[in-house]
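Given next are the chains, with one letter for each unit.
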Amino acid sequence: MACIEVQTLVHLSRTLADLQSAPKESIRRLARHEEALVAAPVLRGSDSLPERDLIEIADSRSQQHLLAISGRKRLSESLTDVLLKRCDTTARRLLATNAGARFSSTGYLALVAAAKRDDDIADSLVLRPDMPVEMLRELLAGTTKAGRARLLRVAPPGAHRAIEATIESIETEIGTNTPKPIDYSGPKSTVLALNKAGKLNDSSINRFAVRGERANLIAALSLLSDAAIETIEAIVEKTDPCRLIVACRASRLNWTTTFAVIRYRCGAQAISPEDIERRREAFEALPLSVAQRTIRFGSVHDLEMEINSTDKALATAGAK
């Protein structure tokens with residue numbers, strides 16, 4: 001076999017794949033062949049391969065090898081766990097449709113995660129009679145309302161009642177957990193009073209950030225930057241340093257206060273010392289007029305473009 005050309009080995013593999021009395025060592029050699037065309041027939045069809053060999057091959061060979069194994073009539077949980085760790089979307093789709101494949105909880109979670117990005121996998125999962133109820137809920141909860149309606153249409157009639165009940169439960173939970181709009185009338189009065197007294201400054205903003213007084217922080221940034229509450233609220237909600245920097249610069253705050261706001265929203269551990277320094281340089285290089293114009297009249301995309309352009313200019317200057 002070591003001296004035979006590939007096309008002859010492919011023919012041999014196809015011949016031996018369905019042969020119960022095929023020499024086991026020959027089957028093992030063919031299955032482990034680096035050329036997927038040679039390995040695929042026995043990987044897909046031979047019952048002579050022990051599972052330990054299939055797991056080893058699935059853990060080390062190419063995507064074409066994994067695809068061939070995914071098409072076997074029977075696949076254990078241990079084998080599908082290994083396949084799902086390495087296989088691509090094509091093999092995942094095949095596994096989801098394979099009625100003889102069995103999946104562990106970990107395997108089902110991997111398929112559900114893939115189904116959120118691939119409708120074909122989602123449709124196949126909802127058709128599986130062995131799909132656990134908790135995984136079905138995870139699948140339905142991870143898609144849009146339109147996606148849930150599509151999955152209900154795809155599902156077999158016998159599963160409609162369970163799916164409808166799950167969808168109703170999910171949508172009720174979503175409605176219950178939807179946060180109510182924040183009433184900013186109190187925070188607006190607080191920051192307006194501070195502003196009239198000349199005390200709405202870096203010190204007060206820093207205090208709002210350190211204490212986690214989100215509503216007061218948003219109302220203060222809105223007043224100082226002359227931007228709508230909704231604009232500042234969206235920026236603070238996104239926990240994006242770029243957007244926070246523009247908002248703070250437009251509010252005439254210093255870097256110390258700006259960094260306190262960033263730490264409040266992004267977390268101290270999420271920002272490296274190098275990134276802190278880069279953001280500080282971007283903050284100081286950002287013209288006040290540009291920040292104010294962007295925060296008042298620009299879009300979220302404009303905010304990101306402004307910071308990115310500033311970062312590039314700093315990098316160019318540093319290189320020179």
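Residues numbered from 1 in each chain as written. Predicted model: local features only at pLDDT ≥ 70, side-chain atom pairs only at ≥ 80, totals over all residues. Heavy atoms only, no water.

*Asks:* Explanation requested: the nonpolar core in the structure shown.
*Replies:* One recurring pattern in soluble globular proteins is that nonpolar side chains are buried together. Core analysis: the largest hydrophobic core is formed by 50 residues, its most contacted members being Leu43, Ile69, Leu83, Leu125, Met131 and Leu139. Excluding anything up to four places from it in sequence, isoleucine 69 contacts Leu43, Leu54, Ile57, Ala58, Leu75, Leu79 and Leu83. Within the second largest apolar cluster, 33 residues are counted, among which are Leu194, Leu200, Ala219 and Phe283. (Core = buried A, V, L, I, M, F, W, Y, C linked by side-chain atoms within 4.5 Å. Buried < 20%, exposed > 50% of the residue type's maximum accessible area, 1.4 Å probe, protein only. Contact = heavy atoms within 4.5 Å.)

*Asks:* Please explain the pattern of salt bridges as it appears in this structure.
*Replies:* A side chain of one charge can pair with a side chain of the opposite charge if their charged atoms are brought near each other. For the structure on display, the rule yields 16 salt bridges. Residue arginine 211 is joined to glutamate 213 by a salt bridge in which the shortest nitrogen-to-oxygen separation is 3.8 Å. Given a relative accessible area of 56%, arginine 211 falls into the exposed group. Using a relative accessible area of 24% as the deciding quantity, one classes glutamate 213 as partly exposed. When salt bridges with common partners are traced through the structure, they connect Glu25, Arg28, Arg29, Arg32, Asp53 and Glu56 into a single cluster. (Salt bridge = Lys/Arg side-chain N within 4 Å of Asp/Glu carboxyl O.)

*Asks:* Whenever I open this one, unusual backbone geometry confuses me. Can you help?
*Replies:* Of note, the phi angle at aspartate 226 is positive, near 60°, even though the residue is not glycine. Assignment of secondary structure puts aspartate 226 in the loop between helix 15 (214-225) and helix 16 (229-238). Unusually for a residue other than glycine, arginine 252 sits at a positive phi of about 65°. By the element assignment, arginine 252 lies in the loop between helix 17 (241-250) and helix 18 (255-266). Residue class for arginine 252 comes out exposed when judged on its relative accessible area of 57%. (Helix = DSSP H or I, 4+ residues; strand = E, 2+ residues; numbered from the N terminus.)

*Asks:* Can you walk me through the environment of leucine 223 in this structure?
*Replies:* Take leucine 223: it is sitting in helix 15. A sequence separation of 23 residues divides leucine 223 from leucine 200, and the C-alpha atoms of the two residues are 9.5 Å apart. The residues touching leucine 223, leaving out its near neighbours within four places in the chain, are Val191, Leu192, Asn195 and Leu200.

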